[in-house]
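# An overview of the molecular structure
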Amino acid sequence: MLPSLQESLDGDDKELESSEEGAGGGGGSGSAENRKPGQPPSSHFCLYAYHGSRSPTQRGDSDDGSPGSLTSETPSATDFSLSLVDTNLPSEAEPELRSAIAKRLSKGAVFEGLGNVTSVELSLPDSRVGCYYCLFQQAKPLLETATAESAPDTPEYIVCFLGGSEKGLELFRLELDRYIQGLKTNVDGKEVSSEACTKSYLSNWFEAAVCPIQRVVHLFQEKLTFLLHAALSYTPVEVQESDEKTKRDINGFLSVASLQGLIHEGTMTSLCMAMTEEPHKSVIINCSGSQPQFSNAGSNKFCEDWMQAFLNAAEGGNPFLFRQILENFKLKAIQDTNNLKRFIRQAEMNHYALFKCYLFLKNCGSGDILLKIVKVEHEEMPEAKNVILALEEFMKEAAVAQTC
(Lines give C-alpha, C1' and ligand atoms only; values in the text may rest on other atoms or scores of the structure.)
Protein backbone atom coordinates (compact mmCIF):
# COMPACT_ATOMS: atom_id res chain seq x y z
CA MET A 1 0.00 0.00 0.00
CA LEU A 2 1.25 3.47 -0.82
CA PRO A 3 2.55 5.44 2.21
CA SER A 4 0.35 8.39 1.31
CA LEU A 5 -2.69 6.14 1.28
CA GLN A 6 -1.84 4.79 4.73
CA GLU A 7 -1.41 8.33 6.03
CA SER A 8 -4.82 9.16 4.67
CA LEU A 9 -6.44 6.28 6.51
CA ASP A 10 -4.60 7.15 9.72
CA GLY A 11 -5.69 10.78 9.59
CA ASP A 12 -9.12 12.24 8.87
CA ASP A 13 -10.60 8.82 8.07
CA LYS A 14 -9.87 7.42 11.53
CA GLU A 15 -11.26 10.54 13.16
CA LEU A 16 -14.44 10.25 11.09
CA GLU A 17 -14.72 6.54 11.77
CA SER A 18 -14.52 7.18 15.49
CA SER A 19 -17.05 10.01 15.42
CA GLU A 20 -19.52 7.90 13.42
CA GLU A 21 -19.20 4.74 15.51
CA GLY A 22 -22.66 3.39 16.19
CA ALA A 23 -24.27 5.75 13.69
CA GLY A 24 -25.39 2.81 11.59
CA GLY A 25 -24.91 2.18 7.89
CA GLY A 26 -27.70 1.05 5.63
CA GLY A 27 -27.14 -0.23 2.16
CA GLY A 28 -25.62 -3.41 0.86
CA SER A 29 -24.55 -4.87 -2.43
CA GLY A 30 -27.37 -3.31 -4.36
CA SER A 31 -30.24 -4.30 -2.07
CA ALA A 32 -31.41 -4.06 1.51
CA GLU A 33 -31.09 -7.82 1.99
CA ASN A 34 -27.29 -7.53 2.05
CA ARG A 35 -27.21 -5.01 4.90
CA LYS A 36 -24.95 -6.03 7.75
CA PRO A 37 -27.04 -7.40 10.64
CA GLY A 38 -27.26 -5.26 13.74
CA GLN A 39 -26.41 -2.05 11.85
CA PRO A 40 -29.67 -0.38 10.80
CA PRO A 41 -29.42 3.25 9.68
CA SER A 42 -29.63 5.60 12.65
CA SER A 43 -31.35 8.52 10.99
CA HIS A 44 -34.27 10.85 11.55
CA PHE A 45 -36.08 13.64 9.75
CA CYS A 46 -38.17 16.57 10.87
CA LEU A 47 -40.31 18.89 8.77
CA TYR A 48 -41.37 22.30 10.11
CA ALA A 49 -43.66 24.84 8.54
CA TYR A 50 -41.93 28.21 8.60
CA HIS A 51 -44.12 31.21 9.44
CA GLY A 52 -42.81 34.74 9.25
CA SER A 53 -42.32 37.79 7.07
CA ARG A 54 -39.34 37.66 4.76
CA SER A 55 -37.96 40.39 2.51
CA PRO A 56 -35.67 39.94 -0.50
CA THR A 57 -32.04 40.89 0.05
CA GLN A 58 -28.81 40.61 -1.86
CA ARG A 59 -27.00 37.61 -0.52
CA GLY A 60 -23.25 37.61 -0.09
CA ASP A 61 -21.26 34.46 0.41
CA SER A 62 -22.95 32.04 2.77
CA ASP A 63 -21.26 30.16 5.60
CA ASP A 64 -20.27 27.38 3.22
CA GLY A 65 -18.72 29.77 0.71
CA SER A 66 -21.50 29.57 -1.86
CA PRO A 67 -21.68 32.63 -4.15
CA GLY A 68 -24.29 35.29 -3.55
CA SER A 69 -27.57 35.83 -5.37
CA LEU A 70 -30.92 37.52 -4.84
CA THR A 71 -32.93 35.52 -2.31
CA SER A 72 -34.78 35.86 0.99
CA GLU A 73 -33.18 36.38 4.37
CA THR A 74 -34.33 34.95 7.68
CA PRO A 75 -35.67 37.69 9.99
CA SER A 76 -34.97 37.96 13.70
CA ALA A 77 -36.32 35.45 16.20
CA THR A 78 -39.36 37.57 16.98
CA ASP A 79 -40.43 37.61 13.32
CA PHE A 80 -40.80 33.89 12.68
CA SER A 81 -42.04 30.66 14.20
CA LEU A 82 -41.74 26.96 13.45
CA SER A 83 -44.66 24.57 13.67
CA LEU A 84 -44.19 20.82 13.45
CA VAL A 85 -45.54 19.18 10.30
CA ASP A 86 -44.07 15.68 10.53
CA THR A 87 -41.15 13.81 12.12
CA ASN A 88 -39.95 10.36 13.12
CA LEU A 89 -38.04 11.72 16.12
CA PRO A 90 -38.99 10.55 19.62
CA SER A 91 -41.48 12.93 21.21
CA GLU A 92 -39.00 14.10 23.85
CA ALA A 93 -36.34 14.98 21.25
CA GLU A 94 -38.43 17.03 18.82
CA PRO A 95 -38.87 20.14 21.07
CA GLU A 96 -35.10 20.10 21.67
CA LEU A 97 -34.47 20.11 17.94
CA ARG A 98 -37.00 22.87 17.33
CA SER A 99 -35.33 25.05 19.95
CA ALA A 100 -31.87 24.39 18.51
CA ILE A 101 -32.93 25.18 14.93
CA ALA A 102 -34.79 28.34 16.02
CA LYS A 103 -31.61 29.58 17.70
CA ARG A 104 -29.61 28.91 14.55
CA LEU A 105 -32.15 30.71 12.38
CA SER A 106 -32.22 33.74 14.68
CA LYS A 107 -28.43 34.12 14.57
CA GLY A 108 -28.02 34.44 10.82
CA ALA A 109 -29.44 34.12 7.34
CA VAL A 110 -30.58 30.89 5.80
CA PHE A 111 -31.14 30.69 2.05
CA GLU A 112 -33.68 28.70 0.11
CA GLY A 113 -32.22 25.47 -1.23
CA LEU A 114 -28.80 25.85 0.43
CA GLY A 115 -28.51 23.66 3.49
CA ASN A 116 -26.35 24.07 6.58
CA VAL A 117 -24.85 21.43 8.85
CA THR A 118 -24.43 21.63 12.62
CA SER A 119 -24.41 19.43 15.73
CA VAL A 120 -27.34 19.27 18.14
CA GLU A 121 -27.78 17.78 21.60
CA LEU A 122 -30.94 15.65 21.74
CA SER A 123 -32.48 13.01 23.97
CA LEU A 124 -31.27 10.16 21.75
CA PRO A 125 -28.95 7.17 22.39
CA ASP A 126 -26.20 9.16 20.63
CA SER A 127 -27.02 12.45 22.32
CA ARG A 128 -24.90 14.61 19.99
CA VAL A 129 -25.84 14.10 16.35
CA GLY A 130 -25.21 15.83 13.06
CA CYS A 131 -28.09 17.90 11.72
CA TYR A 132 -28.56 19.14 8.18
CA TYR A 133 -31.26 21.81 7.87
CA CYS A 134 -32.53 23.66 4.82
CA LEU A 135 -35.21 26.20 3.92
CA PHE A 136 -37.51 24.81 1.26
CA GLN A 137 -40.29 26.51 -0.73
CA GLN A 138 -43.12 24.62 -2.35
CA ALA A 139 -45.82 25.74 -4.78
CA LYS A 140 -48.47 24.02 -2.69
CA PRO A 141 -48.56 22.66 0.89
CA LEU A 142 -46.64 19.41 1.32
CA LEU A 143 -48.99 18.09 4.00
CA GLU A 144 -52.50 19.04 5.03
CA THR A 145 -51.33 19.88 8.57
CA ALA A 146 -49.07 22.56 7.11
CA THR A 147 -52.13 24.72 6.43
CA ALA A 148 -53.29 24.72 10.02
CA GLU A 149 -51.78 28.17 10.50
CA SER A 150 -51.88 31.03 8.07
CA ALA A 151 -49.17 30.62 5.46
CA PRO A 152 -47.78 32.84 2.69
CA ASP A 153 -48.75 32.31 -0.93
CA THR A 154 -45.68 30.13 -1.32
CA PRO A 155 -45.49 27.77 1.69
CA GLU A 156 -42.07 27.62 3.31
CA TYR A 157 -40.58 24.80 5.32
CA ILE A 158 -37.47 23.92 7.29
CA VAL A 159 -36.39 20.35 6.55
CA CYS A 160 -34.02 18.69 9.05
CA PHE A 161 -32.09 15.45 8.54
CA LEU A 162 -30.32 13.96 11.57
CA GLY A 163 -27.72 11.20 11.63
CA GLY A 164 -24.05 10.56 12.18
CA SER A 165 -21.89 13.55 13.06
CA GLU A 166 -21.54 17.10 11.81
CA LYS A 167 -18.35 16.16 9.98
CA GLY A 168 -20.00 13.17 8.37
CA LEU A 169 -23.05 15.07 7.12
CA GLU A 170 -20.88 17.92 5.83
CA LEU A 171 -19.38 15.47 3.32
CA PHE A 172 -22.87 14.94 1.86
CA ARG A 173 -24.17 18.50 2.02
CA LEU A 174 -24.38 18.95 -1.77
CA GLU A 175 -26.15 15.61 -2.17
CA LEU A 176 -28.63 16.62 0.52
CA ASP A 177 -29.21 19.97 -1.21
CA ARG A 178 -30.10 18.09 -4.38
CA TYR A 179 -32.27 15.69 -2.42
CA ILE A 180 -34.25 18.61 -0.99
CA GLN A 181 -34.75 20.06 -4.47
CA GLY A 182 -35.89 16.64 -5.65
CA LEU A 183 -38.70 16.74 -3.12
CA LYS A 184 -40.75 19.06 -5.31
CA THR A 185 -40.57 16.98 -8.50
CA ASN A 186 -40.93 13.72 -6.59
CA VAL A 187 -44.09 14.78 -4.79
CA ASP A 188 -45.71 16.80 -7.58
CA GLY A 189 -45.23 13.95 -10.05
CA LYS A 190 -47.16 11.44 -7.93
CA GLU A 191 -50.85 10.77 -8.38
CA VAL A 192 -51.19 9.25 -4.91
CA SER A 193 -51.48 11.21 -1.69
CA SER A 194 -49.01 14.05 -1.45
CA GLU A 195 -48.78 13.39 2.28
CA ALA A 196 -47.77 9.76 1.79
CA CYS A 197 -45.18 10.70 -0.83
CA THR A 198 -43.70 13.41 1.37
CA LYS A 199 -43.34 11.13 4.39
CA SER A 200 -41.81 8.37 2.31
CA TYR A 201 -39.39 10.74 0.58
CA LEU A 202 -38.21 12.42 3.78
CA SER A 203 -37.77 9.18 5.72
CA ASN A 204 -35.66 7.74 2.88
CA TRP A 205 -33.03 10.52 2.89
CA PHE A 206 -30.27 8.45 4.51
CA GLU A 207 -30.69 5.50 2.18
CA ALA A 208 -30.91 7.70 -0.92
CA ALA A 209 -28.26 10.35 -0.25
CA VAL A 210 -25.70 8.79 2.11
CA CYS A 211 -25.65 5.05 1.37
CA PRO A 212 -25.11 4.84 -2.46
CA ILE A 213 -21.30 4.84 -2.21
CA GLN A 214 -21.44 2.05 0.36
CA ARG A 215 -23.79 0.02 -1.82
CA VAL A 216 -21.46 0.38 -4.81
CA VAL A 217 -18.46 -0.78 -2.76
CA HIS A 218 -20.35 -3.86 -1.54
CA LEU A 219 -21.64 -4.60 -5.03
CA PHE A 220 -18.33 -4.43 -6.89
CA GLN A 221 -15.86 -5.60 -4.22
CA GLU A 222 -12.44 -6.10 -5.93
CA LYS A 223 -13.90 -4.94 -9.24
CA LEU A 224 -14.25 -1.48 -7.74
CA THR A 225 -10.76 -0.80 -9.10
CA PHE A 226 -12.25 -0.72 -12.62
CA LEU A 227 -14.82 1.86 -11.58
CA LEU A 228 -12.17 4.03 -9.89
CA HIS A 229 -10.00 3.87 -13.00
CA ALA A 230 -12.89 4.86 -15.26
CA ALA A 231 -13.77 7.80 -13.01
CA LEU A 232 -10.17 9.00 -12.74
CA SER A 233 -9.55 8.79 -16.50
CA TYR A 234 -13.02 10.14 -17.31
CA THR A 235 -13.71 7.15 -19.53
CA PRO A 236 -17.40 6.84 -20.55
CA VAL A 237 -19.25 4.09 -18.70
CA GLU A 238 -22.37 2.30 -19.94
CA VAL A 239 -24.46 0.33 -17.42
CA GLN A 240 -26.51 -2.49 -18.94
CA GLU A 241 -29.19 -4.85 -17.62
CA SER A 242 -29.52 -2.97 -14.35
CA ASP A 243 -32.39 -1.71 -12.25
CA GLU A 244 -32.74 2.05 -11.92
CA LYS A 245 -31.51 2.19 -8.33
CA THR A 246 -28.26 0.37 -9.09
CA LYS A 247 -27.66 2.43 -12.24
CA ARG A 248 -28.26 5.62 -10.25
CA ASP A 249 -25.83 4.45 -7.56
CA ILE A 250 -23.11 3.66 -10.11
CA ASN A 251 -23.50 6.93 -11.98
CA GLY A 252 -23.51 8.83 -8.69
CA PHE A 253 -20.31 7.11 -7.60
CA LEU A 254 -18.62 7.96 -10.89
CA SER A 255 -19.69 11.59 -10.58
CA VAL A 256 -18.33 11.94 -7.05
CA ALA A 257 -15.11 10.03 -7.83
CA SER A 258 -14.21 12.02 -10.95
CA LEU A 259 -11.94 15.06 -10.89
CA GLN A 260 -14.67 17.26 -12.34
CA GLY A 261 -14.29 20.71 -10.82
CA LEU A 262 -10.86 19.93 -9.37
CA ILE A 263 -8.72 20.28 -12.48
CA HIS A 264 -8.86 23.01 -15.10
CA GLU A 265 -12.24 23.05 -16.86
CA GLY A 266 -10.67 23.26 -20.31
CA THR A 267 -8.44 20.28 -19.50
CA MET A 268 -11.41 18.23 -18.34
CA THR A 269 -13.41 19.08 -21.45
CA SER A 270 -10.52 18.14 -23.74
CA LEU A 271 -9.87 14.96 -21.77
CA CYS A 272 -13.52 13.92 -22.08
CA MET A 273 -13.42 14.53 -25.82
CA ALA A 274 -10.17 12.59 -26.20
CA MET A 275 -11.48 9.61 -24.26
CA THR A 276 -14.78 9.64 -26.17
CA GLU A 277 -13.04 9.76 -29.55
CA GLU A 278 -10.86 6.72 -28.83
CA PRO A 279 -12.57 3.71 -30.44
CA HIS A 280 -14.09 1.02 -28.22
CA LYS A 281 -13.01 2.78 -25.03
CA SER A 282 -16.37 2.94 -23.27
CA VAL A 283 -16.42 0.68 -20.21
CA ILE A 284 -19.41 -1.67 -20.28
CA ILE A 285 -20.87 -2.91 -16.99
CA ASN A 286 -23.38 -5.73 -17.32
CA CYS A 287 -25.46 -6.28 -14.19
CA SER A 288 -27.62 -9.14 -15.45
CA GLY A 289 -25.91 -11.74 -13.25
CA SER A 290 -25.27 -12.02 -9.53
CA GLN A 291 -21.99 -10.16 -9.99
CA PRO A 292 -21.41 -7.25 -12.41
CA GLN A 293 -19.25 -8.05 -15.42
CA PHE A 294 -16.89 -5.51 -17.05
CA SER A 295 -15.81 -5.09 -20.66
CA ASN A 296 -13.03 -2.76 -21.88
CA ALA A 297 -12.13 -1.95 -18.27
CA GLY A 298 -8.76 -0.67 -17.15
CA SER A 299 -6.92 -0.54 -13.85
CA ASN A 300 -3.60 0.45 -12.32
CA LYS A 301 -1.70 0.11 -9.05
CA PHE A 302 -3.09 3.40 -7.72
CA CYS A 303 -6.71 2.31 -8.14
CA GLU A 304 -5.99 -1.17 -6.78
CA ASP A 305 -4.52 0.29 -3.58
CA TRP A 306 -7.50 2.58 -3.04
CA MET A 307 -9.91 -0.25 -3.84
CA GLN A 308 -8.36 -2.18 -0.97
CA ALA A 309 -8.83 0.83 1.32
CA PHE A 310 -12.56 0.81 0.50
CA LEU A 311 -12.83 -2.93 1.19
CA ASN A 312 -11.04 -2.54 4.51
CA ALA A 313 -13.47 0.22 5.49
CA ALA A 314 -16.43 -1.98 4.51
CA GLU A 315 -15.78 -4.15 7.56
CA GLY A 316 -16.85 -1.29 9.81
CA GLY A 317 -20.12 -0.60 8.01
CA ASN A 318 -19.75 3.22 8.24
CA PRO A 319 -21.23 4.90 5.12
CA PHE A 320 -19.66 8.27 5.98
CA LEU A 321 -16.16 6.82 5.93
CA PHE A 322 -16.54 5.69 2.32
CA ARG A 323 -17.14 9.28 1.22
CA GLN A 324 -14.09 10.50 3.17
CA ILE A 325 -11.91 7.86 1.49
CA LEU A 326 -13.28 8.88 -1.90
CA GLU A 327 -12.39 12.52 -1.20
CA ASN A 328 -8.87 11.48 -0.17
CA PHE A 329 -8.59 9.39 -3.35
CA LYS A 330 -9.29 12.47 -5.46
CA LEU A 331 -6.99 14.66 -3.38
CA LYS A 332 -4.08 12.26 -3.88
CA ALA A 333 -4.76 12.13 -7.63
CA ILE A 334 -4.67 15.94 -7.80
CA GLN A 335 -1.45 16.05 -5.76
CA ASP A 336 0.19 13.55 -8.12
CA THR A 337 -0.99 15.53 -11.16
CA ASN A 338 0.45 18.77 -9.77
CA ASN A 339 3.75 17.04 -8.94
CA LEU A 340 4.02 15.72 -12.48
CA LYS A 341 3.32 19.17 -13.93
CA ARG A 342 6.10 20.60 -11.76
CA PHE A 343 8.54 17.92 -12.92
CA ILE A 344 7.59 18.58 -16.56
CA ARG A 345 8.30 22.30 -16.18
CA GLN A 346 11.73 21.42 -14.77
CA ALA A 347 12.35 18.86 -17.51
CA GLU A 348 11.93 21.49 -20.23
CA MET A 349 15.38 22.76 -19.28
CA ASN A 350 16.96 19.84 -17.43
CA HIS A 351 17.52 16.30 -18.72
CA TYR A 352 17.92 14.93 -15.20
CA ALA A 353 14.47 16.31 -14.35
CA LEU A 354 13.15 14.36 -17.34
CA PHE A 355 14.44 11.20 -15.70
CA LYS A 356 12.74 12.27 -12.45
CA CYS A 357 9.48 12.59 -14.42
CA TYR A 358 9.91 9.07 -15.71
CA LEU A 359 10.63 7.64 -12.25
CA PHE A 360 7.61 9.44 -10.83
CA LEU A 361 5.30 8.08 -13.53
CA LYS A 362 6.70 4.61 -13.08
CA ASN A 363 6.27 4.55 -9.30
CA CYS A 364 3.14 6.62 -8.61
CA GLY A 365 0.78 3.83 -9.69
CA SER A 366 -1.34 5.99 -12.01
CA GLY A 367 1.15 7.05 -14.67
CA ASP A 368 -1.16 5.96 -17.49
CA ILE A 369 -3.86 8.43 -16.42
CA LEU A 370 -1.60 11.29 -15.31
CA LEU A 371 0.21 11.26 -18.64
CA LYS A 372 -3.09 11.63 -20.50
CA ILE A 373 -4.17 14.53 -18.28
CA VAL A 374 -0.96 16.53 -18.71
CA LYS A 375 -0.79 15.68 -22.41
CA VAL A 376 -4.19 17.28 -22.97
CA GLU A 377 -3.35 20.28 -20.81
CA HIS A 378 0.01 20.95 -22.53
CA GLU A 379 -1.18 20.29 -26.08
CA GLU A 380 -0.43 23.88 -27.15
CA MET A 381 2.93 24.19 -25.35
CA PRO A 382 5.77 22.98 -27.63
CA GLU A 383 8.44 22.56 -24.93
CA ALA A 384 6.20 20.56 -22.62
CA LYS A 385 4.81 18.60 -25.55
CA ASN A 386 8.32 17.34 -26.40
CA VAL A 387 8.85 16.26 -22.79
CA ILE A 388 5.56 14.38 -22.78
CA LEU A 389 6.38 12.63 -26.06
CA ALA A 390 9.68 11.47 -24.57
CA LEU A 391 7.89 10.24 -21.45
CA GLU A 392 5.40 8.31 -23.56
CA GLU A 393 8.26 6.55 -25.32
CA PHE A 394 9.91 5.71 -22.00
CA MET A 395 6.67 4.30 -20.62
CA LYS A 396 6.02 2.21 -23.74
CA GLU A 397 9.52 0.76 -23.61
CA ALA A 398 9.12 -0.03 -19.91
CA ALA A 399 5.80 -1.76 -20.58
CA VAL A 400 7.33 -3.89 -23.36
CA ALA A 401 10.29 -4.81 -21.18
CA GLN A 402 7.96 -5.83 -18.36
CA THR A 403 6.00 -8.22 -20.58
CA CYS A 404 9.13 -9.89 -21.95
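In case you missed it, the structure is sitting above this.
Residues numbered from 1 in each chain as written. Predicted model: local features only at pLDDT ≥ 70, side-chain atom pairs only at ≥ 80, totals over all residues. Heavy atoms only, no water.

## With respect to the state of the cysteines
Taken as a whole and judged by the stated rule, the model has zero disulfides. In this structure Cys-131 is not part of a disulfide, and its nearest cysteine sulfur, from Cys-160, lies 4.5 Å away. (Disulfide = S-S within 2.5 Å.)

## Looking at the nonpolar core
Formed by 66 residues in total, the largest nonpolar core has its most connected members in Phe-161, Leu-224, Leu-227 and Leu-228. At nine residues, helix H12 (residues 301–314) tops the list of elements feeding residues into this core. When neighbours within four sequence positions are excluded, Leu-227 is seen to be in contact with Val-216, Phe-220, Ile-250, Phe-253, Leu-254, Ile-285 and Phe-294. Counting 21 residues, the second largest nonpolar core, distinct from the first, contains Tyr-50, Val-120, Leu-124 and Cys-131. (Core = buried A, V, L, I, M, F, W, Y, C linked by side-chain atoms within 4.5 Å. Buried < 20%, exposed > 50% of the residue type's maximum accessible area, 1.4 Å probe, protein only. Helix = DSSP H or I, 4+ residues; strand = E, 2+ residues; numbered from the N terminus. Contact = heavy atoms within 4.5 Å.)

## Notes on the sheet that holds strand S9 (residues 283–286)
Overall, mixed pairing links the three strands, which are arranged S8-S9-S10 in an open sheet. Only two strands of the sheet have a single partner each, and these edge strands are strand S8 (237–240) and strand S10 (293–295). The mean angle between the axes of side-by-side strands here comes to 20 degrees, regardless of whether they run parallel or antiparallel. (Pairing = 2+ DSSP bridges. Axes fitted to C-alpha atoms, helices over the stretch in contact; angles between N-to-C directions.)

## Quick look at the pattern of salt bridges
Any two side chains of opposite charge can pair, on the condition that their charged atoms come close. By the definition in use, this model includes 12 salt bridges. One salt bridge in this structure joins Asp-305 and Lys-301, with 3.0 Å as the shortest N-O distance. Taken together, the residues span about one helical turn, with Asp-305 and Lys-301 both in helix H12 at a distance of four residues. Take Asp-305: its relative accessible area is 9%, and that puts it in the buried class. What makes Lys-301 partly exposed here is its relative accessible area of 43%. In the salt-bridge network here, residues are joined through shared partners; they are Glu-175, Arg-323, Glu-327 and Lys-330. (Salt bridge = Lys/Arg side-chain N within 4 Å of Asp/Glu carboxyl O.)

## Let's talk about helix H14 (residues 351–363)
Taking 1.5 Å per residue, 13 residues should reach 18 Å; H14 reaches 19 Å between its end C-alpha atoms and fits that length. Every buried residue of H14 is listed here: Ala-353, Leu-354, Cys-357, Tyr-358, Phe-360 and Leu-361. Looking down the long axis of H14, one finds its buried residues gathered within 160 degrees of arc, a one-sided arrangement. Opposite the packed face of H14, turned more than 90 degrees from it, sit the exposed residues Tyr-352, Lys-362 and Asn-363. (Expected span 1.5 Å × (residues − 1). Arc of directions from axis to C-beta.)

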